[in-house]
Amino acid sequence: MRIGLIGTGRIGTFHAGVLERYREVGSLVVTDAEPERAAALADRIGATAAPSVDDLFKWGVDALVITAATSAHAELIGRAARAGLPVFCEKPIALDLPGTLAALHEVRAAGTVLQLGFQRRFDAGYTAAREAVRAGRLGRLHTVRALTSDPAPPPAAYLPLSGGLYRDCLVHDFDALRWVTGREVVEVYAAGSDAGPAMFRDAGDVDTAAVVLTLDDGTLATATATRCNGAGYDVRMELSGELDTVVVGLDDRTPVASTEPDGPPAADKPWPGFLERFAPAYEAELKAFVDVVRGARDNPCDGWEALAALRVAEACEVSRRERRVVRVEEIAGGR
């Protein structure tokens, strides 16, 4: 199997290293908008560097992994679909609904595969929580609390390209909420604060956000996010039912400190970032993609799943802007 990878930044470099270790991947071809960066990575891991995206397509690959800049995702997905190639793409497909839908319709018309990179679906903790909910261990689920807290803000230049805190960050929580509970979000009420660094106000974004979500069975959920969590990288989900409560992401590296006299001590080595926290999950989702390409399993996260999470994020943006409850059905887009 010959796999092409477009984009050799931080996550692309990680994915390339993982793919090179799989015996099913006979060769890996990498390329980047900065060709020298792709060449340096190829030298380090024993891959082949293509001078450009055009060259990668001309040389021929059996599947494509897209870790390029977000603005390039939709065009690359469409190009791969027209070439008949299965694709793994880091979220998002696009930063808006029209771009997302256009790419999805190209994939559908071509009859190809598009797997989206929502790595929390492959995390052991989220998987165990899903199993607990589906097995009825919690009883009737009444409350879910999700959070994503980054230890430090991204570069200022990234913010105008990110799509904002709801689309870029909380979209992972929205996808995990749907996947773990098996329910759909029907309405949201969102608030955001730009009281932190001025670069968020300059970009029209917020550095901290909170959302109340109602699921289609009446379960209530909250989701919060911040770019300014100095204690460390913190991603958790707490699910409470009439019989039990479980928590995802609570271990000896969770960056929280108890104020109780006999409470657990603060983490000696808190998670510094998403790659460290979710490394096994990233590896598992790529292994799943290789298996999908081989025909050994079904697609575990197709592009329509990404659309569902994006519609929730879009509803949050409308809610924050208009200061009202927004029903997700108000947001256009569907199969």
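The structure presented is a predicted model; accordingly, all values stated were derived computationally and were not measured. (Residues numbered from 1 in each chain as written. Predicted model: local features only at pLDDT ≥ 70, side-chain atom pairs only at ≥ 80, totals over all residues. Heavy atoms only, no water.)

Participant: Any details on helix 1 (residues 10-21)? Residues and values, ideally.
Facilitator: Taking 1.5 Å of rise per residue, 12 residues should cover 16 Å, and helix 1 covers 18 Å from first to last C-alpha, within 8% of that figure. Within helix 1 the residues assigned to the buried category are I11, G12, H15, A16, G17, V18 and L19. On its buried face, helix 1 is in contact with strand 1 (2-6), strand 2 (27-31), helix 2 (35-45), strand 4 (63-66), strand 5 (87-90) and helix 10 (274-294). (Helix = DSSP H or I, 4+ residues; strand = E, 2+ residues; numbered from the N terminus. Expected span 1.5 Å × (residues − 1). Buried < 20%, exposed > 50% of the residue type's maximum accessible area, 1.4 Å probe, protein only. Contact = heavy atoms within 4.5 Å.)

Participant: An account of the pairing of strand 9 (residues 208-215) is requested, with residue identities and associated values reported.
Facilitator: The pairing of strand 8 (residues 185-193) with strand 9 spans 8 bridges and is antiparallel. Opposite Y189, over in strand 9, you have V212 as the bridge partner. Hairpin connection from strand 9 to strand 10 (residues 220-226): 4 residues lie between these consecutive antiparallel strands, with G218 at a positive phi of about 95 degrees. (Pairing = 2+ DSSP bridges.)

Participant: Report on a nonpolar patch on the surface, specifying residues and quantitative values.
Facilitator: A contiguous nonpolar patch, built from Y189, V212 and V325 and spanning about 240 Å² of accessible area, is present on the exposed surface. Position of V212 among the secondary structure elements: in strand 9. (Patch = residues over 30% accessible without salt bridge, like charges linked within 9 Å, V, L, I, M, F, W, Y side chains within 5 Å. Areas by Shrake-Rupley, 256 points an atom, 1.4 Å probe, with all protein chains shown as cover. Salt bridge = Lys/Arg side-chain N within 4 Å of Asp/Glu carboxyl O.)

Participant: Before we move on, could you go through the packing of helix 6 (residues 124-134) against helix 8 (residues 165-181) and cite the residues and values that matter?
Facilitator: The N-to-C vectors of helix 6 and helix 8 enclose an angle of 40 degrees; their axes lie 8 Å apart at closest approach. By the criterion of interaxial angle, the relationship of helix 6 to helix 8 is oblique. Between helix 6 and helix 8, the contacting residues are Y126, T127, A129, R130, V133 and R134 on the first element and A176, R178, W179, V180 and T181 on the second. For the contact of helix 6 with helix 8, the class distribution of residues is 6 nonpolar, 2 polar and 3 charged. (Axes fitted to C-alpha atoms, helices over the stretch in contact; angles between N-to-C directions. Parallel < 35°, antiparallel > 145°, perpendicular 65-115°, else oblique. Nonpolar A, V, L, I, M, F, W, Y, C, P; charged D, E, K, R; others polar.)

Participant: Tell me what's going on with the pairing of strand 4, and back it up with residues and numbers.
Facilitator: Of the two faces of strand 4, the one lined by A63 and V65 and the one lined by L64 and I66 are each fully buried. Inspection of the sheet shows strand 1 paired to strand 4 by 4 bridges, in the parallel sense. Bridge pairing in strand 4 places G4 opposite L64. For the segment spanning strand 4, helix 4 (residues 70-82) and strand 5, crossover handedness is right-handed. (Right-handed = clockwise from strand over helix to strand, strands pointing away.)

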